[in-house]
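# Breakdown of the fold
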Amino acid sequence: MDMAAQHPTAALLLCEVVMEILSWVPAKPLTRLKLVCKSWNSIISHPHFVKLHLYRSPKNAILLFTRAQALTLGGEEKQSLVLSSVESFIQNPSSSLDAQENRHSLHVEDWVSGSCNGLVCVAGILFHSNDDICDIWFRLWNPLTGFVSVNTPCLRANVHNSFGFGYDESSDSYKVVTVIPDSSGTVTAHVYSFRDGSWKTINSLPAFLFYAEDNNGHFIGGTLNWLGLRNPRGDDYDWADVTLDMLMIVSFDLKSDTHKQILLPKGIDEMPREEPILGVWGNRLYLLHDYNNTHFIAWQMKEFGDENSWTQLLKISFHHLGVETLFPEFIFENGNIFMLRGRHCFEEVLYDRRDNSVKRINNLANNSYFIAFDYVESLVQPC
């Protein structure tokens, strides 16, 4: 009889030591270490270990890109998901995007609506040909473990909708929120809990969300956040008629399924020529906009929810960036590096405010474009 069988306390201590050591191992090797023995498989698969490992995993170290190859005459559109470390992408963007090792195929009708704790929320969208109506369903996917949830029940909506995906720690539930405006300007939120397996409807949000090219809800501090307008009188508004006092941020709390308004920085004293854009990196919220269509301005909310903590990070000319219009796409490295669209949809610009440098990424050769998300590798597989 071995020592563990004779001394249960010693066996328990040994198990705790193994758990402590394994909790610091990166997620990808852990998927192989589960095969070492039954006890390790039991430890690594346990929900407590999965949460502990996620808590200890490095954050903001991996980027997830959805990459689409533009349609050519007689060709089919192709979509894929690519994972890259932040360091590799900054050093060599093109090689990181072209790497085959961490590439996964997506269906043509798939749309990534967010990433949280290693899970990717994928929306399936079926457009109706005769009107502005579409059918939407969602599923969760862990690219590392291969876990795929069942699809949510189908939701019918107009095409001017927006998604958001996040985690409610209080109920240990992953939720997707679909925000749908109607022609009168009324905004309704439909909330799906993957834990409960049901949709919930929240009526009359206080603002109309921008129907921008990328208007996913931004997850931070247990909330999803969108830019919006007060009282725009329906979805057919003219940006030239919008005033500063109409602009706001709608913050949706995933715990209480309630919403509140967050004011924009007080230092904005002139309407941007183009619609501003929100961003999140780490635990900070960012607001990005143009000034007179000649400069790029970035604000950071240092304490989420505190409207007095907005701080202007930079103001830099389009000329220095080599862009003609402003379309910010991603923020990383603690708000030090900004990725913007270049002079066409196949060119990206990386600006590093630490040394004022500009790097260009040209995807014209392979006729593709991409959207970036923050990502962390994990073992999470929700029930």
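Heads up: the structure comes first, above all this text.
Owing to the predicted nature of the structure, the values given are computational and were not obtained by experimental measurement. Counting of residues starts from 1 at the beginning of each chain's written sequence and follows it residue by residue. The predicted origin of the model limits local features to residues at a pLDDT of at least 70 and limits the giving and counting of side-chain atom pairs to 80 or more, whereas totals for whole chains, interfaces and linings rest on all residues. Side-chain metrics rest on all non-hydrogen atoms present in the structure, leaving aside hydrogens and water.

Looking now at the pattern of salt bridges. When the charged atoms of two side chains lie near each other, side chains of opposite charge can form a pair. For this analysis, a salt bridge means a side-chain nitrogen from Lys or Arg found within 4 Å of a carboxyl oxygen belonging to Asp or Glu. Counting across every chain of the model gives eleven salt bridges. In this structure, the salt-bridge partner of aspartate 110 is arginine 139, at a minimum N-O distance of 2.8 Å. Of the two residues, aspartate 110 sits in strand S4 (residues 110–116) while arginine 139 sits in strand S6 (residues 133–141), which places them 29 residues apart along the sequence. Residues aspartate 110 and arginine 139 agree in their burial class; the two are buried. The partner of lysine 175 in a salt bridge is aspartate 168, and the shortest N-O contact between them spans 3.7 Å. For the residue pair lysine 175 and aspartate 168, the accessibility class agrees, reading buried in each case. Starting at the N terminus, helices and strands are each numbered in turn, a helix being any DSSP run of H or I of at least four residues and a strand any DSSP run of E of at least two. The rule is simple: take the accessible area with a 1.4 Å probe, protein chains only, and divide by the maximum for that residue type; under 20% is buried, over 50% is exposed, in between is partly exposed.

Across the seven residues of strand S10 (residues 187–193), seven count as buried, placing the element largely inside the fold. Of the two faces of S10, the one carrying Val187, Ala189, Val191 and Ser193 and the one carrying Thr188, His190 and Tyr192 are both buried. For strand S9 (residues 173–181) and S10, the ladder comprises seven bridges, and the chain directions are antiparallel. Within the sheet, the bridge partner assigned to threonine 178 lies in S10 and is histidine 190. DSSP bridges decide pairing: two strands pair if at least two such bridges lie between them. Both S10 and strand S11 (residues 198–205) contribute to a ladder of six bridges, which runs antiparallel. In the sheet register, tyrosine 192 faces S11, and the bridge partner there is tryptophan 199. In textbook terms, the turn of a hairpin is the stretch between consecutive antiparallel strands, and for S10 and S11 this stretch comprises four residues, one of which, glycine 197, has a positive phi near 70°.

Turning next to the packing of aromatic side chains. Geometry of aromatic contacts follows a simple scheme: Phe, Tyr and Trp rings, the Trp one being its six-membered ring, pair when their centres are within 6.5 Å, and the pair is stacked under 30 degrees between planes, edge-to-face over 60, tilted otherwise. All chains considered together, the criterion is met by twelve aromatic pairs. Here tryptophan 281 and phenylalanine 330 contribute two aromatic rings whose centre-to-centre distance is 5.9 Å and whose plane-to-plane angle is 85°, an arrangement assigned as edge-to-face. Here tryptophan 281 is found in strand S17 (residues 277–281), whereas its partner phenylalanine 330 is found in strand S21 (residues 328–332), with 49 residues between them in sequence. Each member of the pair, tryptophan 281 together with phenylalanine 330, is buried. An aromatic cluster is defined as three or more aromatic residues linked by ring pairs; in this entry it consists of Phe65, Phe89, Trp281, Phe330 and Phe332.

Turning our eyes to something else, we now look at the nonpolar core. One broad rule of soluble globular proteins: the nonpolar side chains tend to lie buried together. Definition of nonpolar core: a set of buried residues of the types Ala, Val, Leu, Ile, Met, Phe, Trp, Tyr and Cys, connected through side-chain atoms within 4.5 Å. Ranked by size, the top nonpolar core spans 47 residues in total, and within it Phe49, Val120, Phe138, Leu140 and Tyr174 carry the most contacts. The next biggest cluster of nonpolar side chains, apart from the first, holds 38 residues, and it includes Leu209, Met248, Ile268 and Met301.

Right, let's talk about unusual backbone geometry for a bit. Peptide bonds are mostly trans, and most non-glycine residues show a negative phi. In this model, asparagine 292 sits at a positive phi of 60°, which is unusual for a non-glycine residue. Of note, asparagine 292 is situated in the loop between strand S18 (284–291) and strand S19 (295–301).

This brings us to the sheet that holds strand S8 (residues 162–168). The strand order across the open sheet built from four strands is S8-S9-S10-S11, with neighbouring strands paired in antiparallel fashion. Only two strands of the sheet have a single neighbouring strand rather than two, namely S8 and S11. Pairwise comparison of adjacent strand axes, ignoring direction, gives a mean angle of 25° for this sheet. Every axis in this analysis is a line fitted to C-alpha atoms, fitted for helices over the stretch in contact. Angles between the N-to-C directions lie between 0 and 180 degrees.

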